[in-house]
Each structure stands twice: as structure tokens, then as C-alpha cells.
Amino acid sequence: MTDTLESNKALVRRLYEEGFNEGNLDVVDELVAPDVVTHDPIILDAPTGPDSIRGGIEMIRTAFPDFHVEVLDLLAEGDRVASFLSMSGTNTGDYRRGGATHKKGTMRAFFLWRVADGRLAESWGMADRFQFLQQLGMIPSDDELAARTPKED
């Protein structure tokens, strides 16, 4: 069982390192099941269904060519791999329906992957997109939002 758990963790790590960090889209075909289900994609505008992972990587690397995923922790049990990540990049291309801000942003994320037949078959995730969008200047900071809030008498 330990070998299977380590193999599952290595599969997830390869997707982050080779797919997201290096932009190697061929690794997606090798690691991801053709009928993968992504419940909470990293990129909200990414395609759904089988192209969700590939499309997400393409979109994020177009908007953030220096995009980098740092794996902070990987835990495996049964057919699941949990990953705690730090994602960062400089926005030099269109992102979230807006032009490049040329600012760097960092967000923490947590993803849970289900592995089936040696491939990534399903994922669930959560990322701190609010803070990320604030860092990119796409939405106001907490202080700016507070200043806009009407004061109660």
C-alpha cells in the first residue's frame, strides 16, 4: 500500500512541476484521465471536462508566464492525494477578463485529487483568489473596501 500512496503523490507532484511550472502540456495526457472531473478548477474560466486541466494550464501560463507552484505538503490515503500549495506569478497577459497588471501575486491553495488506474481522475480545490486579485490590483484592498463602507451613526 505504501508504494501505491507514494506513486499517487508522485503523480500529483509531476502535474504541478512539469505541467504548471514547466508548461509541459504533454504530461497532462500522460497523467490525467481523459474523463477527469474538476469540481473547482484553478482557473475559473477554464474549459470543463477533459480539457479542464490542459486548458487551465494554458490559460494560467498565458496570463502568468512565470507561474510557479510550490508544493508545501502532500498527503495520501486510499485513492486520494491532498496537496497544500503556494502559487505565484507575474500577470503579463489577460486574466479574469482584464488586461495585464504587470504585478506579482501569490495565493495559497488546497487541492484534493482522486487517482484511478494510475491517473488523476477527479479534483476538488480551494484557492485564496480574493487576496490574489487584490495583489494584482484587480479588486480593492481591505483598507480601500473598509473606507468605502458607510459608517453607522
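Just so it is clear, the structure is predicted and the values come from calculations on it, not from any experiment.

Conventions and cut-offs
- Residues numbered from 1 in each chain as written.
- Predicted model: local features only at pLDDT ≥ 70, side-chain atom pairs only at ≥ 80, totals over all residues.
- Heavy atoms only, no water.
- Helix = DSSP H or I, 4+ residues; strand = E, 2+ residues; numbered from the N terminus.
- Contact = heavy atoms within 4.5 Å.
- Lys, Arg positive; Asp, Glu negative; His and termini not counted.
- Charge placed at Lys NZ, Arg CZ, Asp CG, Glu CD.
- Buried < 20%, exposed > 50% of the residue type's maximum accessible area, 1.4 Å probe, protein only.
- Pairing = 2+ DSSP bridges.
- Axes fitted to C-alpha atoms, helices over the stretch in contact; angles between N-to-C directions.
- Polar contact = N/O pair within 3.5 Å; in protein donor to acceptor, adjacent residues only side chain to side chain.
- Core = buried A, V, L, I, M, F, W, Y, C linked by side-chain atoms within 4.5 Å.
- Salt bridge = Lys/Arg side-chain N within 4 Å of Asp/Glu carboxyl O.

Asker: I tried to follow the overall build of the protein on my own but got confused; where do I start?
Answerer: For the protein, the count of helices and strands is 5 helices and 5 strands. Shown N-terminal to C-terminal, the secondary structure of the protein runs as helices and strands in the order α-α-β-α-β-β-β-β-α-α. Dimensions of the protein, computed from C-alpha atoms along their principal axes, come out at roughly 60 × 35 × 25 Å. Contacts spanning at least 24 positions in sequence make up 56% of the contacts within the protein whose residues lie at least 6 apart. Charge-centre separation for the protein: the mean point of 16 positive side chains lies 3 Å from the mean point of 27 negative side chains.

Asker: Before we go on, may I ask you to explain the pairing of strand β3 (residues 80-90) in this structure?
Answerer: Across a regular strand the side chains alternate sides, sitting on one face of the sheet and then on the other. Counted residue by residue, β3 has 8 buried out of 11 residues, so it is predominantly covered. The sheet contact formed by strand β2 (residues 68-77) and β3 spans 9 bridges and is antiparallel. Looking at β3, one finds that A76 is bridged to V81. In this structure, the hairpin formed by β2 and β3 is closed by a connection of 2 residues, where G78 is found at a positive phi of approximately 60°. Bridge count between β3 and strand β4 (residues 104-116): 11 bridges; the pairing is antiparallel. Looking across to β4, one finds that V81 is bridged to W113.

Asker: Whenever I open this one, the sheet that holds β4 confuses me. Can you help?
Answerer: Think of a sheet as strands paired side by side through backbone hydrogen bonds, with each pair either parallel or antiparallel. Here 5 strands make up an open sheet; going across it, the order is β1-β5-β4-β3-β2 and the pairing mixed. Bordering the open sheet on either side are β1 (32-38) and β2, each of which pairs with just one other strand. Neighbour-to-neighbour, the strand axes of this sheet turn through a mean angle of 25°, independent of strand direction. Two strands pair when backbone bridges link them, and β4 and strand β5 (residues 119-127) are joined in this way by 8 bridges, in the antiparallel orientation. Within β5, the position partnered with V115 by the bridge is L120. In the packing of helix α1 (residues 2-21) onto the sheet, the strands contacted are β1, β2, β3, β4 and β5, and the crossing angle to β2 comes to about 165°. Set on the sheet, helix α3 (residues 52-63) makes contact with β1, β3 and β4; between it and β1 the angle comes to about 75°.

Asker: Honestly, the side chain of S83 in this entry has me stumped. Any pointers?
Answerer: Its location among the elements puts S83 in strand β3. Classification of S83 by relative accessible area gives buried; the value is 0%. There is a polar contact of 2.7 Å between the side chain of S83 and the side chain of Y16. In contact with S83, not counting residues within four places along its chain, are V12, Y16, D73, L74, A109, F110, F111 and W113.

Asker: I would appreciate a short explanation of the nonpolar core in the present structure.
Answerer: One broad trend across soluble globular proteins is that nonpolar side chains are buried collectively. Formed by 36 residues in total, the largest nonpolar core has its most connected members in L15, Y16 and Y95. Contacts of Y95, omitting those with residues within four sequence positions, involve I43, I60, A63, F64, F132, L133, L136 and M138.

Asker: Can you help me understand the pairing of β4 in this one?
Answerer: In β4, alternate side chains face the same way, and those of G105, M107, A109, F111, W113 and V115 are buried while those of K104, T106, R108, F110, L112, R114 and A116 on the opposite face are not. Connecting the antiparallel pair β4 and β5 is a turn made up of 2 residues, with D117 showing a positive phi of about 55°.

Asker: When you look at the pattern of salt bridges in this model, what are you seeing that I'm missing?
Answerer: Applying the stated criterion across every chain yields a total of 8 salt bridges. For E17, the salt bridge goes to R13, with nearest N and O atoms at 3.7 Å. Of this pair, E17 and R13 both sit in helix α1, separated by 4 residues, roughly a single helical turn. Judged by relative accessible area, which is 35%, E17 ranks as partly exposed. Notably, a salt bridge pairs R14 with E30, separated by 2.9 Å at the nearest N-O pair. Pair noted here: R14 is in helix α1 and E30 is in helix α2 (residues 26-31), with a separation of 16 residues, a long-range link. Using a relative accessible area of 27% as the deciding quantity, one classes R14 as partly exposed. Sharing partners across several salt bridges, the network here consists of R14, E18 and E30.

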